[in-house]
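Remarks on the overall topology
Here's the letter readout for the chains.
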Amino acid sequence: MKNVMKFLSSLALFGLIAFLLAVFAGCRREGGGYSKEDHLLIYPIPNDPTTLDPAAVEDGDTIDVLQQIYEGLVKWNTKTEVVPNLAERWEISKDGKTYTFYLKKGVKFHSGREMTAHDVKYSWDRAANPEIQSPTVDGYMMDLVGFEDVRAKKTDSISGVEVVDDYTLRVHIKEPKAYWIMYLEYPCYFIVDKESIGMERITNPAQVVGTGPFKLGEYAQSQYVELVRFDEYHGGAPKLRKVRRIIAGDAQTRRQLFEAGEVDWVQLERQDKKWVDQHPEFRSMLQIVDRPAIWYLGFSLREYPPFRDKRVRVAFAMAINKDRIIADGLDGVNQKAEGIIPPGIPGYNPEFRGYPFDVERARALLAEAGYPNGKGLPPLQLYCRADRHDAKIVSQMIQQDLLNNLGVRIDLKPMEWGALLKLRADGKLPLFHLRWHADYPDPQNFLSFMLHSKARENTLGYSNPEFDRLCDTADRMMGNPEKRLELYRRAEKIAVEDAIWVPIYFQRDLELLRPYVSGIERSLMGPLPLVNADVIRSK
């Protein structure tokens with residue numbers, strides 16, 4: 001066994017060396033030795049960016065790259081407050097349906113041209129245009145007056161977005177929404193240079209032109225993405241000269257890159273906690289970050305007919321031992337999820353309890369539904385991300401629980417991230433283990449946005465009229481935050497009792513960060529653009 005482990009370790013080391021040679025062969029310049037430079041931050045990303053177009057992005061890894069390049073009218077600060085960015089201020093009409101934005105003057109695109117309100121309108125019209133095939137605008141832009149007309153190809157201009165003058169934009173929404181201003185932080189509202197692109201998706205790096213603190217330098221597919229400081233950034237030139245994201249799909253490789261001193265910052269998988277504990281030289285570099293995100297098991301009523309019977313879904317929910325998954329699979333790091341709304345998001349209820357782990361009751365429910373010991377169920381696949389070790393481990397443990405406790409056999413289908421996203425958007429996943437991370441700190445983003453019967457993100461076929469009614473009422477409620485949160489809590493209870501999702505755990509990240517890296521800023525939503533970050537290795 002020792003020889004086998006030694007061989008595997010040698011193989012892993014050989015793989016890492018081969019990987020490094022491939023990566024650094026593609027970017028060896030300036031005498032090599034990138035890891036010795038000051039003002040250069042290097043950290044890995046698990047996959048290639050799924051897109052270079054802010055109108056088309058929907059995954060967090062890619063957003064983290066694009067938010068360095070593109071920006072919106074508003075941004076988060078470190079207190080997770082919406083604050084001015086490309087807009088220096090805004091006014092809201094008394095009825096809450098009209099926003100007037102006053103843009104900051106002198107903001108430059110990476111091309112050197114000044115951004116105006118015409119660029120903002122062009123960017124939003126473009127994102128809504130069906131030719132772009134944005135998977136997110138039907139959720140984030142549906143409140144704009146005239147949005148449907150663009151989607152229906154009746155016009156190419158959103159009538160509710162008006163250019164008053166070069167530095168003033170007026171926006172009309174259909175009805176007041178307490179959370180609407182937070183939508184503008186989502187990438188489909190980011191501003192692009194209308195002179196660099198047209199009405200097709202951005203696929204060429206030369207078309208990647210924003211107003212953000214960094215420009216796209218180089219993109220070598222499956223190797224790295226390099227960002228270069230934009231000296232004319234309206235917020236002041238960043239301290240970092242470059243940011244390099246090494247594309248490393250394997251979690252062990254990402255950790256080994258940090259161990260070898262080739263990257264400065266890395267997100268670990270939960271199982272790596274034991275490794276850190278065994279290596280005191282890295283213990284002081286460990287950071288634990290709670291994220292407003294839930295990992296869950298999702299059921300499609302459209303793709304797998306037996307899930308239309310609530311008893312089957314509840315049986316699955318009660319057969320999964322979440323305590324075992326967290327203790328044995330995630331090294332006890334994460335918090336078990338009972339409900340859908342994560343800690344940190346208004347409306348989170350620490351007293352809420354979902355279905356308990358109860359094998360006897362789960363078996364009885366499955367038998368009542370006509371599938372005793374799983375007999376009669378059609379073949380079933382559980383989909384998850386191939387590049388996330390945690391997701392595969394949790395999926396394997398769910399697979400074990402369903403077999404051991406219910407007699408249900410399922411096949412695991414780990415998939416490449418972009419392909420998995422496409423299947424989810426198309427509603428083609430019968431059973432999946434994924435996460436939902438808050439785009440903005442409001443329970444609407446977890447309930448109405450994901451599970452309302454008319455929500456774009458609800459590709460499951462879930463519909464509960466009372467859930468919809470509670471969400472609709474809360475979504476429109478202004479000026480009574482406590483009542484609004486209570487409505488969302490009631491809606492959350494319905495969704496959990498319907499078992500359309502099985503909440504598994506709330507996300508907690510483990511990261512290693514070198515001590516010579518400074519100025520990494522975060523909001524509750526995650527790391528902010530690297531405007532104030534720096535790397536000084538030479539001290």
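Residues numbered from 1 in each chain as written. Predicted model: local features only at pLDDT ≥ 70, side-chain atom pairs only at ≥ 80, totals over all residues. Heavy atoms only, no water.

The helix and strand inventory of the chain stands at 17 helices and 21 strands. Since a compact globule built from 539 residues should have a radius of gyration of about 24 Å, the 24 Å found for the chain is in line with a globular shape. Projected onto the principal axes, the alpha-carbon positions of the chain cover approximately 70 × 65 × 40 Å. Going through the 539 residues of the chain one by one, you find that 58% of them count as buried. Carbon and sulfur atoms form 49% of the exposed surface of the chain, whose accessible area is close to 21800 Å². (Helix = DSSP H or I, 4+ residues; strand = E, 2+ residues; numbered from the N terminus. Rg over C-alpha atoms; globule rule 2.2 N^0.38 Å. Buried < 20%, exposed > 50% of the residue type's maximum accessible area, 1.4 Å probe, protein only. Areas by Shrake-Rupley, 256 points an atom, 1.4 Å probe, with all protein chains shown as cover.)

On to the sheet that holds strand S6 (residues 161-165). If you walk across this open sheet you meet the 4 strands as S4-S5-S7-S6, and the pairing is antiparallel. Only two strands of the sheet have a single partner each, and these edge strands are strand S4 (87-92) and S6. The sheet shows a mean angle of 20° between the axes of neighbouring strands, taken without regard to direction. Note: S4 against strand S5 (residues 98-103), 5 bridges, orientation antiparallel. Considered in S5, the bridge of glutamate 91 is made with threonine 100. (Pairing = 2+ DSSP bridges. Axes fitted to C-alpha atoms, helices over the stretch in contact; angles between N-to-C directions.)

Residues three or four positions apart in an α-helix share a direction because the helix packs 3.6 residues into each turn. Compared with an ideal rise of 1.5 Å per residue, which puts 12 residues at 16 Å, helix H16 (residues 465-476) spans 17 Å between its outermost C-alpha atoms and is within 8% of the ideal. Burial in H16 covers these residues: Phe467, Asp468, Leu470, Cys471, Ala474 and Asp475. The arc that holds the buried residues of H16, viewed along the axis, is 165°, so those residues lie on one side. Check the buried side of H16 and you find it contacts helix H15 (448-451) and helix H17 (481-498). If you check the start of H16, you find a side-chain oxygen 3.0 Å away from the backbone N of glutamate 466, and it comes from asparagine 464. (Expected span 1.5 Å × (residues − 1). Arc of directions from axis to C-beta. Contact = heavy atoms within 4.5 Å. Polar contact = N/O pair within 3.5 Å; in protein donor to acceptor, adjacent residues only side chain to side chain.)

Between helix H10 (residues 310-319) and helix H12 (residues 359-368), whose axes approach to 8 Å, the crossing angle comes to 160°. Classed by the angle they form, the pair H10 and H12 counts as roughly antiparallel. Considering how the two elements wind past one another, H10 and H12 form a crossing that is left-handed. On the side of H10, the interface is formed by Arg311, Val312, Val314, Ala315, Phe316, Met318 and Ala319, while H12 contributes Val359, Arg361, Ala362, Leu365, Leu366 and Glu368. Its residues assigned to classes, the contact of H10 with H12 comprises 10 nonpolar, no polar and 3 charged. (Parallel < 35°, antiparallel > 145°, perpendicular 65-115°, else oblique. Left-handed = near helix turned anticlockwise from the far one by under 90°. Nonpolar A, V, L, I, M, F, W, Y, C, P; charged D, E, K, R; others polar.)

Below, the discussion takes up the packing of aromatic side chains. Counted by the stated rule, this structure contains 24 aromatic pairs. Measuring from ring centre to ring centre gives 5.1 Å for tryptophan 275 and phenylalanine 282, while their planes differ by 25°; the resulting arrangement is stacked. Residue phenylalanine 282 is classed as buried on the basis of its relative accessible area of 6%. Between tyrosine 348 and phenylalanine 506 the ring centres are 6.1 Å apart and the planes differ by 85°, which places this aromatic pair in the edge-to-face class. (Phe/Tyr/Trp six-rings, centres within 6.5 Å; stacked < 30°, edge-to-face > 60°.)

With that settled, the discussion passes to the confidence of the model for the chain. Considering every residue of the chain, the mean pLDDT works out to 92; 93% of them sit at 70 or more. Counting interchain partners and residues more than four positions distant, the pLDDT-below-50 stretch residues 1-12 has 2 contacts. Contacts for the low-pLDDT stretch residues 26-33, under 50 throughout, to residues beyond four places or in other chains number 13 contacts. (pLDDT = per-residue confidence, 0-100.)

Along the chain, the position of asparagine 334 falls in the loop between helix H11 (322-329) and strand S13 (335-336). Relative accessible area serves as the criterion here: at 6%, asparagine 334 is assigned to the buried category. For asparagine 334, the side chain forms a polar contact with the main-chain oxygen of phenylalanine 506, separated by 3.1 Å. Residues contacting asparagine 334, with those up to four places away along its chain left out, are Arg270, Ile326, Tyr505, Phe506, Gln507 and Arg508.

Here the focus is the side chain of aspartate 401. By the element assignment, aspartate 401 lies in helix H13 (residues 389-406). At a separation of 3.0 Å, a polar atom in the side chain of aspartate 401 contacts the side chain of arginine 324. Every residue in contact with aspartate 401, bar those within four places of it in the chain, is listed here: Ala319, Ile320, Asn321, Arg324 and Leu406.

A separate point is the sheet that holds strand S1 (residues 40-45). One open sheet holds the 4 strands; their spatial order is S1-S10-S9-S8, and the pairing between them is mixed. Each of the sheet's edge strands pairs with one partner strand only, and the pair in question is S1 and strand S8 (214-220). Taking the axes of each pair of neighbouring strands and ignoring which way they run, one obtains an average angle of 20° across the sheet. As judged from the 6 bridges shared by S1 and strand S10 (residues 242-247), these two strands associate in the parallel manner. In the sheet register, leucine 40 faces S10, and the bridge partner there is lysine 242.

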